[in-house]
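Per-entry structural report
Now for the letters of each chain:
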Amino acid sequence: MAGLNKVMIIGNLGADPEMKYMSDGTAMTTFRVAVSRNYTNHAGERREETEWFRVVAWRKTAEICSQYLQKGSKVYVEGRLQTRSWDTPEGEKRYMTEVVADTVQFLDRAGQGALGDEREPSYANGGVLDSFDRAPAGSMEPEEIPFE
């Protein structure tokens with residue numbers, strides 16, 4: 001039986017995306033998305049809880065996300081969870097779990113970024129970026145990993 005690893009989140013970017021190119025020229029953009037939920041605790045008090053997700057987009061999706069998203073942008077991200085590990089120069093083992101984006105949809109109003117600036121219309125209102133450009137297996141070299 002095959003397994004399923006699927007994540008869907010809707011939230012806001014906590015900072016501007018960071019883009020870099022791998023040694024083979026492949027574009028990679030990372031950004032953090034805050035997802036909040038409201039609930040009532042046992043004492044009847046309303047509470048809000050925020051979970052942060054690190055998202056990685058590749059190739060053309062990475063380039064477009066880097067160009068059009070900014071701190072505060074509202075996005076829908078669909079992808080899979082991936083946990084990577086590496087050793088620090090001090091010999092400590094580190095782990096990072098992230099969402100590898102297959103689809104990114106911009107949810108801000110047409111022509112407006114999260115901060116009210118003008119945007120390219122084709123990506124501002126529900127622009128969907130499907131990752132026809134998924135990350136190749138073994139694409140992260142150990143010296144390129146640390147984004148702490």
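Residues numbered from 1 in each chain as written. Predicted model: local features only at pLDDT ≥ 70, side-chain atom pairs only at ≥ 80, totals over all residues. Heavy atoms only, no water.

Attention now moves to the overall build of the chain. Scanning the chain from terminus to terminus reveals two helices and seven strands. Listed N to C, the secondary structure of the chain is β-β-β-β-α-β-β-α-β in terms of helices and strands. In the chain, which comprises 148 residues, the proportion classed as buried is 39%. Taking the contacts inside the chain whose residues are at least 6 apart along the sequence as the reference set, 61% of them involve residues at least 24 apart. A total of about 8900 Å² of accessible surface is found on the chain, and carbon and sulfur atoms cover 48% of it. (Helix = DSSP H or I, 4+ residues; strand = E, 2+ residues; numbered from the N terminus. Buried < 20%, exposed > 50% of the residue type's maximum accessible area, 1.4 Å probe, protein only. Contact = heavy atoms within 4.5 Å. Areas by Shrake-Rupley, 256 points an atom, 1.4 Å probe, with all protein chains shown as cover.)

Moving on to the nonpolar core. Of all hydrophobic cores here, the largest spans 19 residues; its most connected members are F31, V33, V55, L69, V75, V77 and F106. Residues M22, M28, W58 and V100 belong to the second largest nonpolar core, which totals five residues. (Core = buried A, V, L, I, M, F, W, Y, C linked by side-chain atoms within 4.5 Å.)

This brings us to the environment of G79. Mapping G79 onto the fold places it in strand β5 (residues 74-87). Each C-alpha atom, one on G79 and one on A57, is 9.5 Å from the other, the two residues being 22 residues apart in sequence. The residues contacting G79, other than those within four sequence positions of it, are N5, K6, V7, V99, V100, A101 and D102.

This brings us to the confidence of the model for the chain. The pLDDT averaged across the chain works out to 82; a share of 73% of its residues lies at or above 70. Contacts from residues 111-126, a stretch scored under 50 in pLDDT, to residues over four places away or in other chains number 39 contacts. Scored below 50 in pLDDT, residues 136-148 makes 25 contacts in the model with residues more than four places away or belonging to other chains. (pLDDT = per-residue confidence, 0-100.)

Looking now at the pattern of salt bridges. Here the structure, examined in full by the defined rule, presents seven salt bridges. The salt bridge partner of K6 is E78, with a shortest N-O separation of 2.7 Å. Residue K6 is found in the segment before β1 (7-13), and its partner E78 is found in strand β5; the two are separated by 72 residues along the sequence. Overall, E78 belongs to the buried group, its relative accessible area being 18%. The salt bridge involving E92 is made with R94; its shortest N-O contact spans 3.1 Å. E92 sits in the partly exposed class, given a relative accessible area of 40%. What you see here is one network of salt bridges that share partners, running through R54, R84 and E98. (Salt bridge = Lys/Arg side-chain N within 4 Å of Asp/Glu carboxyl O.)

With that settled, consider the pairing of strand β2 (residues 18-21). Within a regular strand, the side chains alternate between the two sheet faces. Taken together, the four bridges between β2 and strand β3 (residues 27-40) define a ladder with antiparallel strand orientation. For E18, the partnering residue across the bridge sits in β3 and is T30. Here β2 folds back onto β3 in antiparallel fashion, the turn holding five residues, of which G25 has a positive phi close to 95°. (Pairing = 2+ DSSP bridges.)

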